[in-house]
Amino acid sequence: MPVVDLASTSRRELNGALHALAPSTHETHWRVENPQGQHALAAGLDAPVMVEIAGHAGYYCAGMNKQATVVVEGNAGVGVAENMMSGKVHVKGDASQSAGATAHGGLLVIDGNASARCGISMKGIDIVVKGSIGPMSAFMAQAGNLVVLGDAGEALGDSIYEARLFVRGEVKSLGADCIEKEMRSEHSELLQKLLDAAGVSDKVKPDQFKRYGSARGLYNFHVDNAAAY
Amino acid sequence: MCGIVGLFLKDRALEPRLGELLAGMLEVMTDRGPDSAGFAVYGPGEAGRIKLTIRGSDLEGVAQALGQALGSPVSAVPHDTHMVLLLAEDRETDARAWLAEQRPDITVIGAGKRIELYKEVGLPGAVSARFGLAGMAGTHGIGHTRMATESAVTTDGAHPFSTGADQCLVHNGSLSNHASLRRMLQPKGIDFATDNDSEVAAGYLSWKLREGATLAEALEDSLDDLDGFFTFVVGTENGFAVLRDPISCKPAVMAETDQYVAFGSEYRALVGLPGIAQARVFEPEPARVYAWERG
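Everything numeric here is computed off the predicted structure, so don't read it as measured data.

**Student:** Is there a simple way to explain the overall build of chain B in this structure?
**Tutor:** Regarding its fold elements, chain B presents seven helices and 15 strands. Taking 295 residues into account, the globule formula puts the C-alpha radius of gyration at 19 Å, and chain B, at 18 Å, falls close to it. Viewed in the frame of its principal axes, chain B has a C-alpha envelope of about 50 × 45 × 35 Å. Looking at chain B as a whole, 51% of its 295 residues qualify as buried. For chain B, the proportion of contacts with a sequence separation of at least 24, taken over those separated by at least 6, is 72%.

Written out as structure tokens, the structure is:
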């Protein structure tokens, strides 16, 4: 197993080595020591490998991820897994703002809390937050699923296009054009799969959640809605 | 951009290392603010005496001349372009008047029982080295690395800003209503030395504190009265506080242990602190005042 110590190796060398991996590589399990909050760790990966980051990560960790599994054993800074395409990112601590921003696919699991703008402009990613999320989360969300076991802050789903938002706790307020929606059987089945994938389905059940989504009132400009844009 | 660091010690055994720890934190924030840097350190004070931090290009002989004029001893500790004058508490007004009249080339940038304040244009590492930050002791300190937005890259525009005794503020962000706030505060006797928006925030807090608010109350009120985006770290003689605007526009990370409370714009600034691996690391919530007071 390759072990990269960032106390003695530069982040560019680490990312360069990870980018150079062929799809058929046998070096499938990497460990990164002394991350010390550096930015852009394990960003831009495109190989089916596992990268464990032994501590806190800075901004844009695992950004643009494809195929890889990235585990952050501490907190992650702004924009973890932003624009992820596929694969999995698991943050064992808290995540800062804009976790999973604009991401098209893959699974982001945050064991702690995520702060403001979690899932902003999400385009197909699945996000499971075991704690709570901050204000303005899922702002302009377009596709994908956001599952929150705790509470959601102000203006959840503001100007949401599509995407399904499942919240188990309190929602402080809903943003413009975001409404509570009926939880039908297909939603419960989907939620069950996401809870399974995040490894929490033994204690957490779909019927504990409420579903929120788009009222589809702001899709096109209408002068009567001018105040809501 | 801009970078902010702050360190508030709970464990007295760390006090001799305050400057060393703060200098390390400040330098890491160079890439958030390479234009200028500054810091305030709350060091030991003397009963009945006040510290004036002055800045000027020719400070030699100032303490002696001022002491003669006041008829009261003034001691001085020079630090490059800055000097800390120590004089009798009840002579502050006279000392300021003498400096304004006799030495208009000198600026008083901070005053109080314990605060010392230093700032210059240049890379943060160079600024802390020229003032000898690493050798300074104290109970708490605040630092700032500036990437200028609302006013020019000058020493006057560097943070921290101090608009009241033992008070200082550093700011990451930018305020939109600083001109109208300045007009509101000036008739109330709050003086401003620059056109800087952050100095207005400092003046606003000084006004609130003067009117009897606690530091936490003053910051609560600022959420209603300040328009713009901001992360503030504020120091008083015995207090340390943090506030972010309601949409948390600017980054902030905090760490708390039994030994200290630390603030950084990014976690990277905190990695050199003792016991950081075991610290409670968290992101301060928007529009929530975090305040600590020394017992």
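**Student:** Before we go on, may I ask you to explain the overall build of chain A in this structure?
**Tutor:** Counting its secondary structure elements, chain A contains two helices and 11 strands. For chain A, the N- to C-terminal ordering of α and β elements is β-α-β-β-β-β-β-β-β-β-β-α-β. What you see for chain A is a C-alpha radius of gyration of 18 Å, in line with the 17 Å of a compact globule of 229 residues. With the principal axes as the frame, chain A shows a C-alpha extent of 60 × 40 × 30 Å. Buried positions account for 51% of the 229 residues belonging to chain A. Considering only contacts within chain A whose residues lie at least 6 apart along the sequence, 23% involve residues at least 24 apart.

**Student:** Where do I start with the sheet that holds strand 12 (residues 253–256) of chain B in this structure?
**Tutor:** In a beta sheet, neighbouring strands pair by backbone hydrogen bonds and run either parallel or antiparallel. All names here are of chain B. Across the sheet, seven strands lie side by side as 7-2-8-1-13-12-14; this open sheet has antiparallel pairing. Every interior strand has two partners, whereas the edge strands, strand 7 (115–121) and strand 14 (280–282), have only one. Between one strand axis and the next, the sheet turns through 10° on average, direction left out of account. The pairing of strand 2 (residues 36–42) with strand 7 spans seven bridges and is antiparallel. Its bridge partner lying in strand 7, Ala37 is registered against Glu120. Along the sheet face, helix 1 (residues 18–28) touches strand 1 (3–9), strand 2, strand 8 (140–146) and strand 13 (260–264) and points at about 160° away from the line of strand 1. This element, helix 4 (residues 124–131), spans strand 2, strand 7 and strand 8 of the sheet and lies at about 45° to strand 2.

**Student:** When you look at unusual backbone geometry in this model, what are you seeing that I'm missing?
**Tutor:** Most peptide bonds take the trans configuration, and most residues that are not glycine carry a negative phi. Between His159(B) and the following residue, Pro160(B), the backbone shows a cis peptide bond with an omega angle of 0°. Here Pro160(B) lies in the loop between strand 8 and strand 9 (168–175). We note that Gln36(A) has phi near 50°; this positive angle belongs to a residue other than glycine. Looking at the element boundaries, Gln36(A) is found in the loop between strand 2 (29–33) and strand 3 (50–53). Unlike most non-glycine residues, Thr102(A) shows phi in positive territory, near 60°. According to the C-beta neighbour criterion, Thr102(A) is buried, with 22 such atoms within 10 Å.

**Student:** Would you explain the pairing of strand 7 (residues 123–129) of chain A in this entry?
**Tutor:** Regular strands show a simple pattern: their side chains alternate between the two faces of the sheet. All names here are of chain A. For strand 7, a buried count of six out of seven residues is recorded, marking the element as mostly surrounded by other parts of the structure. Bridge count between strand 6 (residues 107–110) and strand 7: four bridges; the pairing is parallel. When the bridges of strand 7 are listed, Val109 appears paired with Val128.

**Student:** What is the right way to read the interface of chain A and chain B from this model?
**Tutor:** Accessible area lost upon the coming together of the parts serves often as the stated size of an interface. Chain A puts 15 residues into the contact, and the matching count from chain B is 11 residues. Taken together, the residues of the side of chain A that touches chain B break down into four nonpolar, 10 polar and one charged.

**Student:** What exactly am I supposed to notice about the nonpolar core here?
**Tutor:** Across soluble globular proteins, nonpolar side chains have a tendency to be buried as a group. In terms of nonpolar packing, the biggest core is built from 71 residues, with Leu22(B) and Ala201(B) touching the most fellow members. Excluding residues that lie within four positions of it along the chain, Ala201(B) makes contacts with Leu169(B), His171(B), Leu175(B), Leu226(B), Phe230(B) and Phe232(B).

**Student:** Got a minute to help me understand the domain arrangement of chain B in this structure?
**Tutor:** Residue and element names in this part refer to chain B. On domain assignment, one finds that chain B holds domain 1 (3–44 + 116–293) and domain 2 (49–113). Computed from C-alpha coordinates alone, the two centres of domain 1 and domain 2 are separated by 24 Å. If you look at the interface, domain 1 gives 13 residues, while domain 2 gives 12 residues. Looking at the side of domain 1 that touches domain 2, the elements that each hand over two or more residues are strand 7 and helix 4. Residue composition of the side of domain 1 that touches domain 2, grouped by class: six nonpolar, two polar and five charged.

**Student:** Explain the sheet that holds strand 4 (residues 75–79) of chain B to me, please; I cannot follow it from the model alone.
**Tutor:** Residue and element names in this part refer to chain B. The four strands are arranged 4-5-3-6 in an open sheet whose pairing can be described as antiparallel. On the outer flanks of this sheet lie strand 4 and strand 6 (107–112), each paired with one strand and no other. Neighbour to neighbour, the strand axes of the sheet diverge by 20° on average, direction disregarded. Pairing analysis gives five bridges linking strand 3 (residues 49–55) to strand 6, with the strands arranged antiparallel. Each bridged residue has a counterpart across the sheet, and for Leu52 the counterpart in strand 6 is Ala111. This element, helix 2 (residues 62–70), spans strand 4 and strand 5 (82–88) of the sheet and lies at about 25° to strand 5. Together, strand 3, strand 5 and strand 6 form the strand contacts of helix 3 (residues 92–102), whose direction differs from that of strand 6 by roughly 175°.

**Student:** Just to check I follow, could you spell out the environment of Pro246(B) for this structure?
**Tutor:** Residue and element names in this part refer to chain B. Summarising the element assignment, Pro246 is placed in the loop between strand 11 (239–244) and strand 12. Sequence separation between Pro246 and Tyr260 is 14 residues, and the spatial gap between their C-alpha atoms is 26 Å. Once you skip the residues sitting within four places of it in the chain, Pro246 turns out to touch Leu223, Pro286 and Ala287.

**Student:** Just to check I follow, could you spell out the confidence of the model for chain B for this structure?
**Tutor:** Low-pLDDT stretches of the model should not have their predicted coordinates read in fine detail. In this model, chain B carries an average pLDDT of 95, and 100% of its residues clear a pLDDT of 70 or more. Prediction confidence for the complex, expressed as pTM and ipTM, is 0.91 and 0.86 respectively.

**Student:** Explanation requested: the pairing of strand 2 of chain B in the structure shown.
**Tutor:** Residue and element names in this part refer to chain B. Taken across its seven residues, strand 2 has seven buried, putting it largely inside the fold. Going residue by residue along strand 2, you find Ser36, Gly38, Ala40 and Tyr42 tucked away on one face and Ala37, Phe39 and Val41 tucked away on the opposite face as well. Where strand 2 lies against strand 8, seven bridges are found, and the strand directions are antiparallel. Looking across to strand 8, one finds that Val41 is bridged to Gly141.

**Student:** What should I look at first to understand the packing of helix 5 (residues 178–185) of chain B against helix 6 (residues 197–210) of chain B in this one?
**Tutor:** To describe two helices that pack against each other, one gives the angle between their axes and the distance between the axes. All names here are of chain B. Two elements in contact, helix 5 and helix 6, have axes whose closest approach is 9 Å; the angle formed by their N-to-C orientations is 40°. When the axes of helix 5 and helix 6 are compared, the crossing they make is left-handed. In contact with His178, Leu181, Arg182 and Leu185 of helix 5, helix 6 contributes Asp197, Val200, Gly203, Tyr204 and Trp207. Looking at side-chain class alone, the contact of helix 5 with helix 6 contains five nonpolar, two polar and two charged residues.

Reading the values: rules and limits
- Per-chain numbering applies: the sequence of each chain, read as written, is numbered from 1 onward.
- Key to labels: chains lettered from A, ligands numbered from 1, both in the order written.
- pLDDT decides what is reported in this predicted model: residues at 70 or higher carry local features, side-chain atom pairs at 80 or more are listed and counted, and totals for whole chains, interfaces and linings draw on all residues regardless.
- Here a helix means four or more residues in a row that DSSP labels H or I, a strand means two or more in a row labelled E, and each is numbered from the N terminus.
- Both definitions apply: the radius of gyration is a C-alpha atom measure, and the globule rule equals 2.2 Å times residues to the power 0.38.
- Residue burial is a threshold on neighbouring C-beta atoms within 10 Å of the residue's own C-beta, all placed from the backbone, with 20 or more meaning buried, 12 or fewer meaning exposed, and counts in between meaning partly exposed.
- Contact criterion: two residues are in contact if their C-beta atoms, reconstructed from the backbone, are within 7 Å.
- The criterion for strand pairing is that DSSP finds at least two bridges linking the strands in question.
- The convention used is that axes are lines fitted to C-alpha atoms, helices contributing only their stretch in contact, and that angles between N-to-C directions extend from 0 to 180 degrees.
- Think of it as three bins: nonpolar holds Ala, Val, Leu, Ile, Met, Phe, Trp, Tyr, Cys and Pro, charged holds Asp, Glu, Lys and Arg, and polar takes everything else, Gly as well.
- Note on definitions: a nonpolar core is a set of buried residues drawn from Ala, Val, Leu, Ile, Met, Phe, Trp, Tyr and Cys, linked by C-beta atoms within 7 Å.
- For each domain, the first and last residues come from an automatic or database assignment.
- Note on scores: pLDDT gives the predictor's confidence for each residue, bounded by 0 and 100.
- For any pair of crossing helices, the crossing counts as left-handed if the nearer helix is rotated counterclockwise from the farther one by less than a right angle, and right-handed if it is rotated clockwise.

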